[in-house]
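One-letter residues, chain by chain:
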Amino acid sequence: MPNELDEVTGPVSEEGRDVNVIQKQVAVKVGVGSLIFQILLWVLGIIPGIIFTVMKIKAKNYLDKLQQKIQHNASQIDNYMEQRVVILQNAAKLLDKAVDLDKEAFIKIAEARGGHAASGAEGDEMRNAQQASLDNIANQINVAFEAYPDLKAHNEIADCMQQNSYLQKEITAAREVYNDTVLEWNSIIFQWPTYKIVAAKNGYTSRIPFAASKEMKDKARGTFF
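Reading guide: rules and limits
- Residues numbered from 1 in each chain as written.
- Predicted model: local features only at pLDDT ≥ 70, side-chain atom pairs only at ≥ 80, totals over all residues.
- Heavy atoms only, no water.
- Helix = DSSP H or I, 4+ residues; strand = E, 2+ residues; numbered from the N terminus.
- Buried < 20%, exposed > 50% of the residue type's maximum accessible area, 1.4 Å probe, protein only.
- Contact = heavy atoms within 4.5 Å.
- Areas by Shrake-Rupley, 256 points an atom, 1.4 Å probe, with all protein chains shown as cover.
- Salt bridge = Lys/Arg side-chain N within 4 Å of Asp/Glu carboxyl O.
- Core = buried A, V, L, I, M, F, W, Y, C linked by side-chain atoms within 4.5 Å.
- Phe/Tyr/Trp six-rings, centres within 6.5 Å; stacked < 30°, edge-to-face > 60°.

> Which residues make up the overall build of the protein chain, and what values go with them?
Each helix and strand in the protein chain was counted, giving 7 helices and 0 strands. Counting from the amino terminus, helix and strand elements in the protein chain follow one another as α-α-α-α-α-α-α. Looking at the protein chain as a whole, 33% of its 225 residues are labelled buried. Pairs at least 24 residues apart make up 78% of the contacts formed inside the protein chain by residues separated by at least 6 positions. Carbon together with sulfur atoms contributes 57% to the accessible area of the protein chain, which is approximately 14300 Å² in total.

In structure tokens, the structure reads:
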């Protein structure tokens, strides 16, 4: 029998393939089979029924704990993003004194400063949108910064740009931690029987991980050298 996947003969994609995060929540559902399974446990005896009930309680407790962990990780991202907004705001003010910076940048910074992410999937989407907005603002500021070499001698501006770079790295690291927890959540809620039955009963859905903004993806495809 030939190999199911043969990297020598293909087929291969010469042009490559891009991937994107799907912004969709998948609801956890169980069928009649799960109900029959639980009934059978009680039919077989009170002990199997009690054991599975205890397992479901433990599963619910763990999912509750995991939700709190996701919220904690999301809060870490929010904290770093808030700091980045302040840094970009300071950089924009300093640049505005030296060059004619696009006023739209100030409006976007103000909007980012006033926005607070909600919880759940709505919060995930809002954080992604806010991050994309901050990336765009940072790019505008960096373009202005690079266009005027004399500004690089300005210590305060240079310090702001350095802090922005540092915070972006921290946000990236925090997003990785968040995505790891989301992956655990998305995997465990579909584990049958215990977790899936508990998740379906409580109406849980999968969560959407963070994705790179279009701005960052376009820049990643550009020429750097």
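> Can you tell me about the pattern of salt bridges, naming the residues and giving the values?
Enumeration over the complete set of coordinates arrives at 1 salt bridge. Among the salt bridges present, the one from Lys-60 reaches Asp-64, with a minimum N-O distance of 2.9 Å. Here Lys-60 and its partner Asp-64 are both found in helix H2 (residues 46-98), 4 residues apart, which amounts to about one turn of the helix. Residue class for Asp-64 comes out partly exposed when judged on its relative accessible area of 29%.

> Pulling in residues and values, what's your account of the nonpolar core?
Counting residues in each nonpolar core, the largest one holds 24 residues, and the members touching the most others are Leu-63, Ile-77, Leu-134, Tyr-178, Trp-185 and Ile-189. Broken down by secondary-structure element, the contributors of at least two residues to this core are H2, helix H4 (120-147), helix H5 (155-188) and helix H6 (194-201). Looking at this core element by element, the count peaks at 9 residues for H2. With residues up to four places along the chain from it excluded, the contact list for Ile-77 reads Ala-174, Arg-175, Tyr-178 and Phe-210.

> I'd like a description of the packing of aromatic side chains, backed by residues and values.
Inspection of the entire model under this criterion finds 5 aromatic pairs. Where Phe-37 meets Phe-52, the ring centres are 5.4 Å apart and the plane angle is 85°; that geometry is what we call edge-to-face. Linking Phe-37 in helix H1 (residues 32-44) with Phe-52 in helix H2, this pair joins segments that are 15 residues apart in sequence. The exposure class assigned to Phe-52 is buried, which follows from its relative accessible area of 6%. Through a chain of ring-to-ring contacts, the aromatic side chains of Phe-37, Phe-52 and Trp-192 assemble into a single cluster.

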